[in-house]
Amino acid sequence: MKTRDDPHPQQRRLLALDGGGIRGVITLEILRKLERDLRAATVRPRLVLGEWFDYIGGTSTGAIVAAGLALGMEVDDLRRLYAEHGAEMFDASRLRDRLRFRYDDGPLARMLQAQFGAETTLGSDRLRCLLMVMLRNATTDSPWPLSSNPAALFNDRSRPECNLDLPLWQVVRASTAAPVYFPPETVQLGEGDEAERFVFVDGGVTPYNNPAFQLFLMATLPEYAVGWQTGEDDLLLVSVGTGNTPFHDADLEAEDLHLLRQLTGLPGGLMVGAAEQQDLLCRVLGRCRHGPTIDSEVGALTGDRGLFDPRLFTYVRYDEHLSRDRLASLGFPDVRPAEILAIDRVDHIDELRLIGAAIAERDVELGHLAGFVEPKQ
């Protein structure tokens, strides 16, 4: 793991990246603006976010981006990856498999191996910073946040099932195994008689599609064996979403909520609610410098608004509610939210990129990171 030439070595910077399938291109446009601004402010034209941040965590598509950044990739490298291979990530499965999943995982797995290295492990010394990837272990019915932290309990090299030995590409692939869309990923821990096999699915099917608050906990709780100091002058948490698309049906009647509709709508509703709760916790316990309105009752909880003092960290949230009105305000009056809601809408990747760029130009400001940016040399 890298060390930084920093005038404030006690400060730590965290970056959390949401899930959202192909809408990850929105995240990348926001990160591109952030990377460009940091390069200008620090007079480091080759600065990469994996060197500036100390800990990067991601879920699903956010895990792909997080792993790439932690390996030292520039944001433009990842933008090209999504542009050139986005359609391949959603390669239609064989007819006999379509009752279980829509897309074959082979092209996605091969792309991850090519980009990250088939032999690169979660504990690789190629990583420029700490990395956390959120998965759901379907075998144990529990969320599994896997970290590259060498001091973590299950990363002990003396353990036969040490998580650090897992192939990084497979960890990320497991985090992207969205039910219905992709087949689960089976991962073996350990060798021989002591080996255990677990079935993993998308980390977004947990309360941590937005992994921001969990990343904060993993960086600060003694049990996670990182133990960084809290405080709004000591800890920065930047959280980036993929654009959420709230569904509003003004014509809905009670009799429309039949069993099938409720079952199909329940997972998405739970994921959205959990992601908003993660964001709300960050704004209540941290000092929020920027973030979209959560709802009409609590507002955005930026600045001095909130409950607790002193605050545990400085918090910045970049995201947007992609409603018809918000899209129009960004300059996209003809884009319908329903067209960009699904995680597999690769046919709208160009529109999503433009939307992300518009959000970045409107929202991303270096002032949000004041106190955590190295001064110009």
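Residues numbered from 1 in each chain as written. Predicted model: local features only at pLDDT ≥ 70, side-chain atom pairs only at ≥ 80, totals over all residues. Heavy atoms only, no water.

Undergrad: Would you mind going over the packing of aromatic side chains with me for this structure?
TA: What characterises a pair of aromatic rings is the spacing of the ring centres plus the angle enclosed by the ring planes. The full count for this structure, using the stated rule, is eight aromatic pairs. Each ring, one from W144 and one from F198, has its centre 5.2 Å from the other, and the planes form 55°; the classification is tilted. Of this pair, W144 sits in strand β6 (residues 142-147) while F198 is found in strand β8 (residues 196-202), placing the two residues 54 residues apart along the sequence. Taken individually, W144 and F198 each receive the classification buried, so the pair is uniform in this respect. Between F213 and F216, the aromatic rings sit 5.7 Å apart at their centres with planes inclined by 40°, giving tilted as the arrangement. Residue F213 and its partner F216 are both found in helix α7 (residues 212-220); the two are separated by three residues, about one turn of the helix. (Phe/Tyr/Trp six-rings, centres within 6.5 Å; stacked < 30°, edge-to-face > 60°. Helix = DSSP H or I, 4+ residues; strand = E, 2+ residues; numbered from the N terminus. Buried < 20%, exposed > 50% of the residue type's maximum accessible area, 1.4 Å probe, protein only.)

Undergrad: Is there a simple way to explain the layout of surface pockets in this structure?
TA: To find leftover empty space, one rolls a probe the size of a water molecule over the atoms. Considered as a void within the structure, the second largest pocket measures approximately 420 Å³ in volume. As for the second largest pocket, its lining consists of 20 residues, and the residues nearest its centre are P145, L146, L153, F154 and N163. Elements represented by at least two residues in the lining of the second largest pocket include exactly β6 and β8. Counting residues per element, the lining of the second largest pocket draws most heavily on β6, at four residues. Of the residues that constitute the lining of the second largest pocket, the class distribution is twelve nonpolar, four polar and four charged. (1 Å grid on protein atoms, 1.4 Å probe; cavity = no way out; pocket = protein on both sides within 12 Å on 5 of 7 lines; lining within 4 Å. Points joined across faces, edges and corners; volume = space filled by probe spheres on them. Nonpolar A, V, L, I, M, F, W, Y, C, P; charged D, E, K, R; others polar.)

Undergrad: Would you explain the packing of helix α3 (residues 61-70) against helix α6 (residues 168-175) in this entry?
TA: Two packed helices can be described by the angle between their axes and the distance between those axes. Interaxial distance between α3 and α6 falls to 7 Å at its minimum, and their mutual angle equals 155°. With respect to α6, the element α3 is oriented roughly antiparallel. Note on packing geometry: the crossing formed by α3 with α6 is right-handed. From α3, A63, I64 and A67 reach across to α6, where they touch L168, V172 and S175. (Axes fitted to C-alpha atoms, helices over the stretch in contact; angles between N-to-C directions. Parallel < 35°, antiparallel > 145°, perpendicular 65-115°, else oblique. Left-handed = near helix turned anticlockwise from the far one by under 90°. Contact = heavy atoms within 4.5 Å.)

Undergrad: How should the environment of V272 be read in this particular structure?
TA: Mapped onto the elements of the fold, V272 is located in helix α8 (residues 259-285). The partly exposed category is assigned to V272, whose relative accessible area is 46%. When the C-alpha positions of V272 and G204 are compared, they lie 10.0 Å apart, and in sequence the two are 68 residues distant.

Undergrad: What's the story with empty space enclosed by the protein in this structure? I'm lost.
TA: On inspection of all chains with the given rule, the structure shows one cavity of 30 Å³ or more. Roughly 30 Å³ of volume is contained in the largest cavity. Taken together, L135, L146, L166, Q170, V171, V187 and F200 form the lining of the largest cavity. Split by residue class, the lining of the largest cavity holds six nonpolar, one polar and no charged.

Undergrad: For this particular structure, what's the right way to read the nonpolar core?
TA: For soluble globular proteins, nonpolar side chains are generally found buried alongside one another. Core analysis: the largest hydrophobic core is formed by 76 residues, its most contacted members being L31, L69 and I355. Among the nonpolar cores identified, the runner-up in size contains 22 residues, and A16, Y55, F213 and C288 belong to it. (Core = buried A, V, L, I, M, F, W, Y, C linked by side-chain atoms within 4.5 Å.)

Undergrad: Hey, could you run me through the pairing of β6 in this one?
TA: Where strand β5 (residues 130-137) lies against β6, six bridges are found, and the strand directions are antiparallel. Residue pairing for β6: V133 is matched across the bridge by L146. The hairpin formed by β5 and β6 contains four residues between the paired strands, and D141 there has a positive phi angle of roughly 55°. (Pairing = 2+ DSSP bridges.)

Undergrad: Help me out: how do you make sense of the pattern of salt bridges in this one?
TA: A side chain with one charge may pair with a side chain of the opposite charge, provided their charged atoms come close. This model, assessed by the stated rule, comprises 29 salt bridges. Two residues, R32 and D76, come together in a salt bridge whose shortest N-O distance is 3.0 Å. In this pair, R32 is assigned in helix α1 (residues 24-42) and D76 in helix α4 (residues 75-89), connecting sequence segments 44 residues apart. As a salt-bridge pair, R44 and E51 come within 3.9 Å of each other at their nearest N and O atoms. Salt bridges sharing common partners tie together E29, R32, D76, R79 and R353. (Salt bridge = Lys/Arg side-chain N within 4 Å of Asp/Glu carboxyl O.)

Undergrad: I would appreciate a short explanation of the confidence of the model for the chain in the present structure.
TA: Atomic detail in the predicted coordinates should be set aside for any region of low pLDDT. Averaged over every residue, the pLDDT of the chain is 86; the share at 70 or more is 84%. Low pLDDT, under 50, characterises residues 1-7; the predicted model gives this stretch 21 contacts beyond four residues in sequence or across chains. With pLDDT under 50 throughout, residues 260-264 is counted as low confidence; its partners more than four residues away or in other chains account for five contacts. (pLDDT = per-residue confidence, 0-100.)

Undergrad: Can you help me understand helix α11 (residues 349-363) in this one?
TA: Every α-helical turn comprises 3.6 residues, leaving residues that sit three or four positions apart pointing alike. Taking 1.5 Å per residue, 15 residues should reach 21 Å; α11 reaches 21 Å between its end C-alpha atoms and fits that length. Regarding α11, the residues found buried are I349, L352, I355, G356, A358, I359, A360 and D363. Of the surrounding elements, those touching the buried residues of α11 are α1, α4, β10 (287-290), β11 (314-318), α9 (324-329) and α10 (337-340). (Expected span 1.5 Å × (residues − 1).)

Undergrad: Is there a simple way to explain unusual backbone geometry in this structure?
TA: Phi is mostly negative for residues that are not glycine, and the peptide bonds are mostly trans. A positive phi angle, near 55°, is found at V43, a position not held by glycine. Positioned with a positive phi, L301 is a non-glycine residue whose angle comes to about 55°. Tracing the chain through its elements places L301 in the loop between β10 and β11. Its relative accessible area of 10% is what places L301 among the buried residues.

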